[in-house]
Amino acid sequence: MSSDEVKLIGAWASPFVMRPRIALNLKSVPYEFLQETFGSKSELLLKSNPVHKKIPVLLHADKPVSESNIIVEYIDETWSSSGSSILPSHPYDRAMARFWAAYIDEKWFVSLRNILKAEGEEEKKAVLAQVEEGNALLEKAFNDCSNGKPFFNGDHIGYLDIAFGCFLGWLRVTELAAGHQLLDEAKTPSLSKWAERFCDDPAVKPVMPETTKLAEFAKKIFAKPRA
Amino acid sequence: MAEKEEVKLLGIWASPFSRRIEMALKLKGIAYDYVEESLDNKSPLLLALNPIHKKVPVLVHNGKAILESHVVLEYIDETWKHNPILPQDPYDRSKARFFAKLVDEQIFNAGFVSMTKAEQQGREDLAEQTRELITYLEKELVGKDFLGGKSVGFLDLVAGSMIPFCLERGWEGMGLQVITDDKFPEYKRWVKNLEKVESVTDCIPPKEKHIEHMNFMVGRFRSS
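All values derive from a computational prediction rather than experimental measurement. Residue indices begin from 1 for each chain and proceed along its sequence in written order. Lettering for chains starts from A, numbering for ligands starts from 1, and both go in the order in which the items are written. With pLDDT at 70 or above as the cut-off, local features in this predicted model cover only qualifying residues; side-chain atom pairs require 80 or more to be listed or tallied, and sums for whole chains, interfaces and linings still use all residues. To get the side-chain values, take all heavy atoms of the structure and skip hydrogens and water.

Caption draft 1: Structural context of the environment of lysine 149 of chain A. Residues and elements named next belong to chain A. Numbering goes from the N terminus for both helices and strands, where a helix is a DSSP run of H or I of at least four residues and a strand is a run of E of at least two. As for its position among the elements, lysine 149 is in the loop between α5 (121-146) and α6 (159-165). Lysine 149 sits 55 residues away from arginine 94 along the chain, and the two C-alpha atoms are 16 Å apart. Lysine 149 has contacts with Phe142, Gly154 and Asp155, leaving out every residue within four places of it along the chain. Should any heavy atoms of two residues lie within 4.5 Å, those residues are considered in contact.

This is the structure we're talking about:
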């Protein structure tokens, strides 16, 4: 029953965890947030996602759902009569949203993460260029999908907004660390404005971590061990 | 009067990713034009329709291109609603999607790498990793004819096209024993069930030619 207890196993800094949190907020579904400690995995997590042992995991009446984008679809289908639809209604638009979400996870985010891991200027430059290429594709995708409306999904935040927008905090941290703007009015005018609207959305604001807090956390996890 | 639907599929005969689309189209009785692509000589049409990934399958429906096999399967299911391939219940749908991802990511990677390792120990280690992953599907099959339940569904198409009708051919070519009768009785029973479904068997690559092809791909990978 959709009124059964909802829990989400996650961590404040994870963009993947942010996805189902935004979706639950969009559907006004109350849930208990079970914060994992960085560096260790709880018994509940290991039991609920034995295959990958990763967050996020949604527990709905104790039934586990794993993989962030799969959880978002589950939320949309389970609480379909609540709030606006997270996936677009037309099959072609749904296919586009799913295609771009897969691209973001498989290609775009991998490049973004590689910027912080890059050793030396040459490597950093090469990876920055990859991300910028991706941003140009996503700028066009935004213009195509939104059709003049404020979000990828139209009037309201949807699946693709969530799939991409969850990375905005880490994007800002990476820009600061690399000393290079990736998303800005000159290069990606539509995305730049969309990013502001996304972060301001009431479903997003409470779960988007502050850039400074995230930057401190990034320093900790990417800290090179002393020689 | 209904518009004549234009459905075209760009695929590769040996690709499990495009074969599963053929199975879905067949299950739904959808007429389509098939365009055979070549790995080494991609057509201008393919490059125009899928400039980012340059891969098959590409489904073209009334002039619009849909890419990525899972995305295509869901699109087909949502557009032609008869003979549904995804389960109705949201939790079952989430499980089908979860395991489909496991097949195409972890199982595919471990399975393919198990063939390409030069040393026998390396191959055995990867084969063992692959076995551990396939055990999750083994558990899902208990008490069911198919992963989709009583009839072939989304996960059957994904896992079927990938494991028995692709990876197993590669393993046979390498002389690797991965999925054994004693450890995988449910899997074996499932494959026998799949082999009775025309929409599946009509769309699998011919075995001997496929084994030869897999050997060739492994050889090419090893020498690169």
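Caption draft 2: View of helix α7 (residues 168-178) of chain A. Residues and elements named next belong to chain A. Only protein chains enter the calculation, and the probe is 1.4 Å; a residue is then buried if its accessible area is under 20% of its type maximum, exposed if over 50%, and partly exposed in between. Of all the 11 residues making up α7, 8 are buried; the element is thus mostly covered by neighbouring parts of the structure. Those residues of α7 that fall on the buried side of the exposure criterion are Leu168, Gly169, Trp170, Leu171, Val173, Thr174, Glu175 and Ala178. Buried positions along α7 lie against α1 (15-26), α4 (91-117), α5, α6, α8 (189-200) and α9 (211-222). Just downstream of α7 lies glycine 179, where phi reads positive at about 65°.

Caption draft 3: Quick peek at the packing of aromatic side chains. What counts as a ring pair is set by centres within 6.5 Å for rings of Phe, Tyr and Trp (its six-membered ring), and what kind of pair is set by the plane angle: stacked under 30 degrees, edge-to-face over 60, tilted for all other angles. The tally for this structure, following the rule as stated, stands at 21 aromatic pairs over all chains. Considering the side-chain rings of phenylalanine 164 of chain A and tryptophan 194 of chain A, the 5.4 Å spacing of their centres and the 5° angle between planes classify their relative orientation as stacked. Separated by 30 residues along the polypeptide, phenylalanine 164 of chain A in helix α6 and tryptophan 194 of chain A in helix α8 bring together distant segments of the chain. As far as burial versus exposure is concerned, phenylalanine 164 of chain A and tryptophan 194 of chain A are alike and both buried. Between phenylalanine 108 of chain B and phenylalanine 112 of chain B, the ring centres sit 6.3 Å apart and the planes meet at 35°, which makes this aromatic pair tilted. Here phenylalanine 108 of chain B pairs with phenylalanine 112 of chain B, and both are found in helix α4 (residues 90-116), just 4 residues apart, close to one helical turn. Put simply, the rings of Phe16, Trp108, Phe109, Phe142, Phe152, Phe164, Phe167, Trp194 and Phe198 of chain A pair up and form one aromatic cluster. Here, a charge over a ring is recorded when the distance from Lys NZ or Arg CZ to the ring centre is within 6 Å and its angle to the ring normal is within 35 degrees. Taking NZ or CZ as reference, arginine 21 of chain A lies 3.7 Å from the ring centre of phenylalanine 33 of chain A, over its face.

Caption draft 4: Representation of the pattern of salt bridges within the structure. By definition here, a salt bridge exists when the distance from a side-chain nitrogen of Lys or Arg to a carboxyl oxygen of Asp or Glu is within 4 Å. Enumeration according to the criterion identifies 30 salt bridges over all chains in this entry. Among the salt bridges present, the one from glutamate 175 of chain A reaches arginine 172 of chain A, with a minimum N-O distance of 3.0 Å. With glutamate 175 of chain A and arginine 172 of chain A both in helix α7 and 3 residues apart, the pair spans about one turn of that helix. Between glutamate 124 of chain B and arginine 131 of chain B there is a salt bridge whose closest N-O contact spans 3.5 Å. A relative accessible area of 10% places arginine 131 of chain B in the buried class. Members of the salt-bridge network, linked through shared partners, are Glu73, Glu77, Arg94 and Arg98 of chain A together with Glu74, Glu78, Arg93 and Arg97 of chain B.

Caption draft 5: Region of interest: the UniProt feature "domain: GST N-terminal" (unreviewed entry) in chain B. The sites that UniProt annotates as "domain: GST N-terminal" (unreviewed entry) are residues 5-84 of chain B. When the span residues 5-84 of chain B is considered, its composition is 36% helix and 21% strand, and the gap between its end C-alpha atoms is 19 Å. UniProt positions are given in the numbering used here, feature names are shortened, and annotations may be inferred rather than shown by experiment.

Caption draft 6: Examining the sheet that holds strand β1 (residues 7-11) of chain B more closely. All names here are of chain B. Pairing is mixed in the open sheet, where 4 strands are placed in the order β2-β1-β3-β4. Every other strand in the sheet has two partners, leaving β2 (33-36) and β4 (64-67) as the edge strands with one partner each. For this sheet, the mean angle separating the axes of adjacent strands, direction not counted, is 20°. As paired elements, β1 and β2 share 4 bridges and run parallel to each other. The residue of β2 that forms the bridge with leucine 9 is tyrosine 34. Against the sheet, helix α1 (residues 16-27) engages β1, β2 and β3 (58-61), with an angle of about 155° to β1. Here helix α3 (residues 69-79) sits on the sheet in contact with β3 and β4, set at roughly 125° to β4. The rule for pairing is simple: two strands pair if DSSP sees at least two bridges between them. What counts as an axis is a line fitted to C-alpha atoms, over the stretch in contact for a helix, and the angles between N-to-C directions run from 0 to 180 degrees.

Caption draft 7: Quick peek at unusual backbone geometry. Omega for the peptide link from isoleucine 55 of chain A to proline 56 of chain A comes to 0°, which places this bond in the cis form. Position of proline 56 of chain A among the secondary structure elements: in the loop between α2 (43-48) and β3 (57-60). For asparagine 62 of chain B, which is not a glycine, the phi torsion comes out positive at approximately 50°. Its location among the elements puts asparagine 62 of chain B in the loop between β3 and β4. Positive phi outside glycine occurs at asparagine 83 of chain B, with the angle close to 45°. Residue placement: asparagine 83 of chain B occurs in the loop between α3 and α4.

Caption draft 8: Seen up close, the side chain of threonine 116 of chain B. Within the secondary structure, threonine 116 of chain B sits in helix α4. Beyond its immediate sequence surroundings of up to four residues, threonine 116 of chain B is in contact with Val218, Phe221 and Arg222 of chain B.

Caption draft 9: Expanded view of the UniProt feature "domain: GST N-terminal" (unreviewed entry) in chain A. UniProt feature "domain: GST N-terminal" (unreviewed entry): in the numbering of this structure it lies at residues 4-83 of chain A. In residues 4-83 of chain A, the share of helix is 36% and the share of strand is 21%. The end C-alpha atoms are 18 Å apart.

Caption draft 10: Representation of the nonpolar core in the model. Here the nonpolar core consists of buried residues drawn from Ala, Val, Leu, Ile, Met, Phe, Trp, Tyr and Cys, with membership extended through side-chain atoms lying within 4.5 Å. Counting residues in each nonpolar core, the largest one holds 132 residues, and the members touching the most others are Trp108 and Trp194 of chain A together with Leu59 and Ile163 of chain B. Tallying contributions element by element places α4 of chain A first for this core, with 13 residues. Once residues lying within four places of it in the same chain are set aside, the contact partners of leucine 59 of chain B are Val7, Lys8, Leu9, Ile21, Leu25, Lys64, Ala65, Ile66, Val72, Tyr75 and Ile76 of chain B. Counting residues in each nonpolar core, the second largest holds 6 residues, with Trp170, Val173, Phe217 and Ala218 of chain A among its members.

Caption draft 11: Here's a closer look at the UniProt feature "domain: GST C-terminal" (unreviewed entry) in chain A. The UniProt feature table records "domain: GST C-terminal" (unreviewed entry) at residues 90-222 of chain A. Along residues 90-222 of chain A the backbone is 71% helical and 0% strand, and the end-to-end C-alpha distance reaches 42 Å.

Caption draft 12: Fine view of the pairing of β3 of chain A. Residue and element names in this part refer to chain A. Where burial is concerned, the two faces of β3 agree: the one with Val57 and Leu59 and the one with Leu58 and His60 are both buried. In the sheet, strand β1 (residues 6-10) pairs with β3 via 4 bridges, with the strands oriented antiparallel. From the neighbouring strand, lysine 7 faces β3, where its bridge partner is leucine 59. Note that β3 and strand β4 (residues 63-66) share 4 bridges and pair antiparallel. Bridge assignment links leucine 59 to a residue of β4, and that residue is proline 64. Hairpin connection of β3 to β4: 2 residues between the antiparallel strands, including alanine 61 at a positive phi of 50°.

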